[in-house]
Amino acid sequence: MERIQHHPILGKTKFHQPITYTFNGKKLSGYRGEPIAAALLAEGIRVLRRHEESGAARGFYCAIGHCMECRLVVQGQGIVRSCLTPLEPGMIITEGQQLANEITGRKLP
Amino acid sequence: MTSKGEETDLIIVGAGPAGLSAANKAAEYGLRVTVIDEFPEPGGRMLGQFHEESGHWWVGKQIADELIAEAGRRGVRIRCGVSVYGMLKVDDRFEVSTSIGALFAPRVLLATGAAEIPMPVQGWTLPGVMSIGAAQVMANVNFVKPGRRGLIVGINVLAMAIARELSVSGVSLAGIVLPPAGPLAGAAAKPKDNLELLMGLSHLAPSPILRMGSRIARSCNLAGWIANFFPRKGIRMWDIPLQLRTAAVSINGNERVESVTLAQVDAKGEILDGSQWEEPVDFVALAGGLYPLAELASVAGCPFIYTPELGGHLPLHSEQMRTPVEGLYVAGNITGVESALVAMSQGRLAAASIGVDADAIGSGGDRIVAEAMEEVGRTRAAALIQFQPGIAEARRGIYRLWQETIEVGV
Amino acid sequence: MKPPLILICRCEEVSMEQLETAYQSGSCTSRQLKMKTRATMGACQGRVCRRLVEAWLRAQDPHASLDAELLSCRPPIRPVSFGQLARGES
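As annotated in an unreviewed UniProt entry, chain C is BFD-like [2Fe-2S] binding protein from Paenibacillus methanolicus.

An unreviewed UniProt entry annotates chain B as Sarcosine oxidase subunit alpha of Paenibacillus methanolicus.

Have a look at this one:
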């Protein structure tokens, strides 16, 4: 999605240091310190996670840390809320994944 | 539990308008203050708020910047990106559990603000469906447009204010429509109730609604009036079609929002047969309003009261912002949903009460508290944005309950 | 028109239909609905859907209790790792 480079009311926006990182193995770009969810949105990525049980695609919902929908995996940090976690250069990010269920016997595809 | 960890005079949870205002005032009284917030930058929801006010723009970010600069001058510690996951009172002080370890203080102010009430529509878990506040944060705080073209579901103060902001930020909106009728939406799905609500928003409503207002005033049958006269395509507010006779039926797409099925509804919100169509959009913002985010007050053992005018369950508190838990205070939207200006004055009032209780103010304390209380009242009376009717009356009810139970010592 | 499938609890994927079934089988407070269906018990701990469960229940029974204790909050109220918990207790 489009970045707002100059906001009509809030003025010049804060994109300073361009960096690269990977999401699901794909190299992408963003700006240091912006929330991971915002960087991914700017790259057109909506699916941040698969529901642990059903595997349904999920994206960010509240963007301020309340809903937990945007959680994904950052190598070295584990599962994080991508709306609150600042992007760092070289981050290795993967979408939140569907899990196997030993009680129902469901295995992963 | 041991006493390891940072100790201070006052811990404030939430670096929004209430928390920062309280921090600055408390520091002015000589208290050592630490403010914690889990968002990466301080300012709370003010960061993305702006609205037009008699010819100039009220910009929340500017006010936040001023408060943050003052906090710096006064030596307030602001720790962002830190989550509070619990709190416990041990002897005469609170242990606040955070993602960076335990913090200790004899007094804690909860200024955790509000959270959003969802407005569910079939398909609302698809990526690209977000709360309206999320659209605001993405566009105005993170400066990434939430999508190419979006639709807002739910007509209320929050929806109208953010729709205006999105429009100014250059985000394309297909319209603002009603939620589907049913047990979740209740009156929010009824055109009549929505029109009545909009009539109460004269400050936000541009001329078309005001012009209609006089015609409506002459009509005793409001529901019938909408069914007969409200334009089928809606009216335009700041170039956004406000569609009081259109409801969202479902959100559609494969792994992301591709369209919303819309339908014409009658005055009661019931779908008219054969009136459905698909509107191509790539994001949907759901607007159900706000409620006080008070989990920490609950964890700390504070009793709650249910006050619909202020957003629902909220911690019992006095007009001076004290709670029944000694040393625990509240300010801002956790005490009921109101504007940022009211939250700021509540923060200053809470700081005055804390200053008195901590013996930091000296002899003039009671007068300072009384003045701060008056200032809250004045700010409330002058507030441009009233989220619900009857706020002042509801507040008086809470303070009366406090006097009848806590002060009497029931 | 067939009734739409509306999820109430996003985290645990609990639908309005499931609330209906639980209510019919005797779960008639918000707490009982929670225990029966897991609505409000997921990762967001009811921050998103608590109000929906209460609104839905009120629509069935206008006298249903809205006591805050019914859907209480318990720590940890934010995600915390075992490492963080361990450091907090040390």
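Engineer: Honestly, the overall build of chain B in this entry has me stumped. Any pointers?
Structural biologist: Regarding its fold elements, chain B presents eleven helices and 23 strands. Out of the 410 residues in chain B, the part that is buried amounts to 61%.

Engineer: Would you take a moment to explain the overall build of chain C for this structure?
Structural biologist: Looking only at helices and strands, one finds four helices and two strands in chain C. Starting at the N terminus, the α and β elements of chain C follow one another as β-β-α-α-α-α. The C-alpha atoms of chain C give 15 Å as radius of gyration, which overshoots the globular expectation for 90 residues (12 Å, by more than 25%). Considered along the principal axes of its C-alpha atoms, chain C spans approximately 55 × 30 × 20 Å. Put simply, 49% of the contacts in chain C that link residues at least 6 apart link residues at least 24 apart. Accessible area for chain C stands at about 4,700 Å²; split by element, carbon and sulfur atoms hold 55% of it. With 13 positive and 9 negative side-chain charges, chain C shows a spacing of 5 Å between the two charge centroids.

Engineer: Would you mind going over the sheet that holds strand β3 (residues 33–37) of chain B with me for this structure?
Structural biologist: The pairing of strands in a sheet comes from backbone hydrogen bonds and takes either a parallel or an antiparallel form. All names here are of chain B. A sheet is described by the order of its strands in space; here five strands give the open sequence β6-β3-β2-β10-β23, paired in parallel fashion. The strands lining the two open edges of the sheet, one partner per strand, are β6 (77–80) and β23 (328–330). Strand-to-strand twist across the sheet, computed as the mean angle between neighbouring axes with direction ignored, equals 20 degrees. Pairing between strand β2 (residues 10–13) and strand β10 (residues 107–110): four bridges, direction parallel. What sits directly across from V13, in β10, is L110.

Engineer: Just checking my understanding: could you explain the interface of chain A and chain C for this structure?
Structural biologist: By a widespread convention, an interface's size corresponds to the accessible area lost as its parts come together. Contact residues are listed per partner, giving twelve residues for chain A and eleven residues for chain C. Across the chain A/chain C interface, buried area totals approximately 950 Å², and carbon plus sulfur atoms make up 50% of it. Our count for the chain A to chain C interface comes out at two salt bridges. Counting every contact that joins chain A to chain C gives six residue pairs in polar contact (both at pLDDT 80 or more). Taken together, the residues that form the side of chain A that touches chain C break down as four nonpolar, four polar and four charged.

Engineer: Sorry, what's going on with the packing of aromatic side chains here?
Structural biologist: To describe a pair of aromatic rings, one takes the distance between the centres and the angle between the planes. Within the structure shown, the criterion is met by five aromatic pairs over all chains. Relative to W124 of chain B, the ring of Y61 of chain A has its centre 5.7 Å away and its plane inclined at 80 degrees; by these criteria the two rings are edge-to-face. A residue pair is termed interchain when its members come from two chains, as with Y61 of chain A in the loop between β6 (57–58) and β7 (71–74) and W124 of chain B in the loop between β11 (114–116) and β12 (129–131). A relative accessible area of 1% places W124 of chain B in the buried class. Geometrically, the ring pair formed by F50 of chain B and W57 of chain B is edge-to-face, given 5.8 Å between the ring centres and 70 degrees between the ring planes. F50 of chain B sits in the buried class, given a relative accessible area of 1%. A residue is classified by how much of its surface remains accessible, and W57 of chain B, at 26% relative accessible area, is partly exposed. Among the aromatic residues, ring-to-ring pairing joins F15 and Y31 of chain A together with F143 of chain B into one connected group. Above the face of the F15 of chain A ring, R3 of chain A is positioned so that its terminal group lies 4.7 Å from the ring centre.

Engineer: Please explain the interface of chain B and chain A as it appears in this structure.
Structural biologist: Across the contact, 42 residues belong to chain B and 32 residues belong to chain A. A salt bridge links E2 of chain A to K145 of chain B, with the nearest nitrogen and oxygen atoms 3.0 Å apart. For the pair chain B and chain A, the interface holds nine residue pairs in polar contact (both at pLDDT 80 or more). Within the residue set of the side of chain B that touches chain A, elements represented by two or more residues are β5 (56–59), β11, β12, α3 (132–140) and β19 (283–286) of chain B. For the side of chain B that touches chain A, the element with the highest residue contribution is α3 of chain B, accounting for five residues. Of the residues contributing to the side of chain B that touches chain A, the split by class is 25 nonpolar, eight polar and nine charged.

Engineer: Help me understand the pattern of salt bridges in this model?
Structural biologist: Any two side chains of opposite charge can pair, given that their charged atoms come close. Overall, the coordinates contain 36 salt bridges over all chains when judged by the stated rule. Because the salt bridges share partners, they merge into one network encompassing R49, E52, R58, E69 and R71 of chain A together with R10 and E13 of chain C.

Engineer: Explanation requested: helix α1 (residues 17–28) of chain B in the structure shown.
Structural biologist: An α-helix turns once per 3.6 residues; consequently, residues spaced three or four apart project the same way. All names here are of chain B. With twelve residues, α1 should cover 16 Å at 1.5 Å per step; its first-to-last C-alpha distance of 17 Å lies within 8% of that length. Within the span of α1, buried status applies to P17, A18, G19, L20, S21, A22, A23, N24, A26 and A27. A positive backbone phi angle near 100 degrees is found at G30, which sits one or two residues after α1.

Engineer: Please clarify how the domain arrangement of chain B should be interpreted in this entry.
Structural biologist: All names here are of chain B. Domain assignment breaks chain B into domain 1 (6–116 + 290–407) and domain 2 (129–286). If you look at the interface, domain 1 gives 15 residues, while domain 2 gives 16 residues. Buried area between domain 1 and domain 2, summed over both chains or domains, comes out near 1,300 Å², and the portion from carbon and sulfur atoms is 64%. Summed over the shared surface of domain 1 and domain 2, the number is one salt bridge.

Engineer: Honestly, empty space enclosed by the protein in this entry has me stumped. Any pointers?
Structural biologist: Rolled over the atoms, a probe sized like a water molecule indicates the empty space that remains. A full pass over the atoms with the stated rule returns three cavities of 30 Å³ or more. Put simply, the largest cavity is a space of about 80 Å³. Taken together, Y61, C62, I64, H66 and C67 of chain A, A115, E116, P118, S131 and Y291 of chain B together with R47 and V48 of chain C make up the full set of residues lining the largest cavity. Partitioning the lining of the largest cavity into residue classes produces eight nonpolar, two polar and two charged. If you add up the space inside the second largest cavity, you get close to 50 Å³. Surrounding the second largest cavity, A37, L41, I45, R46, L48, G59 and F60 of chain A together with P127 and G128 of chain B form its lining. Tallied by class, residues from the lining of the second largest cavity come to six nonpolar, two polar and one charged.

Engineer: Would you mind showing me how to read the pairing of strand β4 (residues 26–31) of chain A here?
Structural biologist: On a regular strand, one side chain projects to one face of the sheet and the next to the other, so that they alternate. Residues and elements named next belong to chain A. In this sheet, β4 lies alongside strand β3 (residues 18–23) in antiparallel orientation, the contact comprising six bridges. Counterpart to T22 in the pairing with β4 is K27. Count of turn residues in the β3/β4 antiparallel hairpin: two residues, of which N24 carries a positive phi of about 50 degrees.

Engineer: When you look at the nonpolar core in this model, what are you seeing that I'm missing?
Structural biologist: One recurring pattern in soluble globular proteins is that nonpolar side chains are buried together. Residues and elements named next belong to chain B. Among the nonpolar cores identified, the biggest contains 158 residues, and V33 and W124 are the most heavily contacted of them. The element contributing the most residues to this core is helix α9 (residues 340–357), with eight residues. When we break this core down by domain, the ones giving at least three residues each are domain 1 (6–116 + 290–407) and domain 2 (129–286). If we skip the residues at most four places from it in the chain, V33 touches T8, L10, I12, A23, A26, A27, V76 and R77. Grouped together as the second largest cluster of nonpolar side chains are 23 residues, V13, V84, L296 and V299 included.

Rules used throughout
Per chain, residue numbering runs from 1 following the sequence as it is written. Chain labels run from A onward and ligand labels from 1 onward, assigned in the order the entries are written. Residue-level local features of this predicted model are given only where pLDDT is at least 70; pairs of side-chain atoms are given and counted only at 80 or more, and the full residue set underlies all totals for whole chains, interfaces and linings. Water and hydrogen atoms were dropped before computing side-chain values, which therefore reflect all heavy atoms in the structure. To qualify as a helix, a DSSP run of H or I must reach at least 4 residues; to qualify as a strand, a run of E must reach at least 2; elements of each kind are numbered from the N terminus. Exposure is judged per residue with a 1.4 Å probe applied to protein chains only, and the accessible area is read against the type maximum: over 50% gives exposed, under 20% gives buried, and values in between give partly exposed. To get the radius of gyration, use the C-alpha atoms; to get the globule rule, take the number of residues to the power 0.38 and multiply by 2.2 Å. When checking whether two residues touch, look at their non-hydrogen atoms; a contact exists if any pair is within 4.5 Å. Working definition of accessibility: Shrake-Rupley area with a 1.4 Å probe, residue cover restricted to the visible protein chains. Residues counted as positive are Lys and Arg, residues counted as negative are Asp and Glu, and His and the chain ends are not counted. Here the site of a charge means atom NZ of a Lys, CZ of an Arg, CG of an Asp or CD of a Glu. When DSSP finds two or more bridges between two strands, those strands count as paired. Whenever a helix is involved, its axis is fitted only over the stretch in contact; in every case the axis is a line through C-alpha atoms, and angles between N-to-C directions fall within 0 to 180 degrees. Two parts placed together each lose some accessible area; with a 1.4 Å probe, that loss summed over both constitutes the buried area. Here a salt bridge means any side-chain nitrogen of Lys or Arg lying within 4 Å of a carboxyl oxygen belonging to Asp or Glu. Polar contacts, as used here, are pairs of N or O atoms within 3.5 Å; protein pairs need one atom able to donate a hydrogen and one able to accept it. Residues neighboring in sequence count only if both atoms are side-chain atoms. Any residue that is not Ala, Val, Leu, Ile, Met, Phe, Trp, Tyr, Cys, Pro, Asp, Glu, Lys or Arg is counted as polar, Gly included; the first ten are nonpolar and the last four charged. To pair, rings of Phe, Tyr and Trp, with the six-membered ring standing in for Trp, must have centres within 6.5 Å; the planes then decide the type, stacked if under 30 degrees apart, edge-to-face if over 60, and tilted in the middle. By the criterion adopted, a ring carries a charge over it if an Arg CZ or a Lys NZ lies within 6 Å of its centre and within 35 degrees of its normal. One fewer than the residue count of a helix, multiplied by 1.5 Å, yields its expected span. For the purposes of this description, domain bounds are those given by an automatic or database domain assignment. Within this scheme a cavity is a closed region of a 1 Å grid, computed over the protein atoms alone, that accommodates a 1.4 Å probe without allowing it to escape, whereas a pocket is open but has protein on both sides within 12 Å along at least five of seven lines; lining residues each have an atom within 4 Å of a point. Grid points are joined across faces, edges and corners, and a volume is the space filled by probe spheres set on the points. Buried Ala, Val, Leu, Ile, Met, Phe, Trp, Tyr and Cys residues that are joined via side-chain atoms within 4.5 Å together make up what is termed a nonpolar core.

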